[in-house]
Amino acid sequence: MSSKGKVTRLIRTRARRRWKRPLWFRKLVRYCISTLGGITAETVLLWILSGYVWKGWEFGVSVVAPTIGFELCLLVNYSAVRYFVWRDRQSSLWRYHLSNVSVYCVKMAFLLPIRYVSGVNIVICNFVAMGLAGLLNFILNDTVVFRKKRN
C-alpha cells in the first residue's frame, strides 16, 4: 500500500472516531434537525395569524395563534421524528400528542409572562419558550413516547 493510501486510511479512521458520540447525543442532534420543519411551519403560521388575521385581538395573538401553530408543528414533527430519530422503536401518536400538550402547557407558562413582562413581539417570545420546552420534549419522547421494542 502506498503512503498516500495509508494517510487517507488514517484520516478516515480518525474522522470516524471523532464522530462517535454517545447515542443520546446523536439522537438529540437528529431530533433538533428533524424538528426544524415543524418549527418553521409554526413560526410562519404564528407570524401570519398574529400579524394579519388577529392583529387587534389580544387573546387571538397570545393564545389562539400559538395553539393553532402548535398543532401544525406537532403533526409535522411527529412524522419527522418517527422516521428520522426513533424509527427503531414503537411509537404512538396519542402518547406523542399527550406529552406534547403537557410540554405545550409548560411552554405557555413561559411564553405569556415573558411576553407581558418584556413587551417583546410574540414570535420572539415563542422562540425563547420553544428552546426551554424543546429539551423537556426530547426527554419525554426518548423515555415515554418512543418505547424500545420488546423482543
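Keep in mind it's a predicted model, so treat the numbers as computed, not measured.

(A) Quick look at the nonpolar core. The biggest cluster of nonpolar side chains holds 22 residues, and the ones touching the most others in it are Tyr-31, Val-81, Trp-86, Tyr-96, Leu-111 and Phe-146. Every element with two or more residues in this core is listed here: helix H3 (36-53), helix H4 (58-84), helix H5 (93-118) and helix H6 (122-145). Residue contacts for Leu-111: discarding those within four places in its chain leaves Pro-66, Ile-122, Cys-125, Asn-126 and Ala-129.

(B) Molecular detail of the packing of aromatic side chains. All told, the structure shown has 12 aromatic pairs when counted by the stated rule. Aromatic pair Tyr-31 and Trp-86: ring centres 5.9 Å apart, planes at 55 degrees, arrangement tilted. Taken together, the residues Tyr-31 in helix H2 (residues 23-34) and Trp-86 in the loop between H4 and strand E1 (89-90) connect sequence positions 55 residues apart. Considered together, Tyr-31 and Trp-86 belong to a single accessibility category, that of buried residues. In this structure an aromatic cluster arises from ring pairing among Tyr-31, Tyr-78, Trp-86, Tyr-96, Phe-138 and Phe-146.

(C) View of the environment of Ile-68. Looking at where Ile-68 falls in the secondary structure, it is placed in helix H4. Considered as a pair, Ile-68 and Leu-45 are 23 residues apart in the sequence and their alpha carbons are 8.1 Å apart. Ile-68 has contacts with Leu-45, Leu-49 and Trp-54, leaving out every residue within four places of it along the chain.

(D) Structural detail: the environment of Ile-48. Within the secondary structure, Ile-48 is located in helix H3. Separated by 17 residues in sequence, Ile-48 and Ala-65 have C-alpha atoms that sit 8.9 Å apart.

(E) A look at the pattern of salt bridges. According to the stated counting rule, one finds 2 salt bridges in the structure shown. Linking Asp-88 and Lys-27 is a salt bridge whose minimum nitrogen-to-oxygen distance equals 3.8 Å. Placement of the pair is Asp-88 in the loop between H4 and E1 and Lys-27 in helix H2, with a sequence separation of 61 residues. A residue is classified by how much of its surface remains accessible, and Lys-27, at 6% relative accessible area, is buried. We note a salt bridge from Asp-142 to Arg-89, for which the minimum N-O separation is 3.0 Å. Taken together, the positions of Asp-142 in helix H6 and Arg-89 in strand E1 put the pair 53 residues apart, joining distant regions of the chain. Relative accessible area serves as the criterion here: at 24%, Asp-142 is assigned to the partly exposed category.

(F) Summary view of H4. Taking 1.5 Å as the rise per residue, H4 with 27 residues should run 39 Å; its terminal C-alpha atoms sit 37 Å apart, in good agreement. The largest bend in H4 is about 35 degrees, located at Val-64, with the proline Pro-66 one to four residues further on.

How each quantity is defined
- Residues numbered from 1 in each chain as written.
- Predicted model: local features only at pLDDT ≥ 70, side-chain atom pairs only at ≥ 80, totals over all residues.
- Heavy atoms only, no water.
- Core = buried A, V, L, I, M, F, W, Y, C linked by side-chain atoms within 4.5 Å.
- Buried < 20%, exposed > 50% of the residue type's maximum accessible area, 1.4 Å probe, protein only.
- Helix = DSSP H or I, 4+ residues; strand = E, 2+ residues; numbered from the N terminus.
- Contact = heavy atoms within 4.5 Å.
- Phe/Tyr/Trp six-rings, centres within 6.5 Å; stacked < 30°, edge-to-face > 60°.
- Salt bridge = Lys/Arg side-chain N within 4 Å of Asp/Glu carboxyl O.
- Expected span 1.5 Å × (residues − 1).
- Bend = angle between axes of the 7 residues up to and from the residue.

Take it as geometry only, folks, not as evidence of what the structure does.
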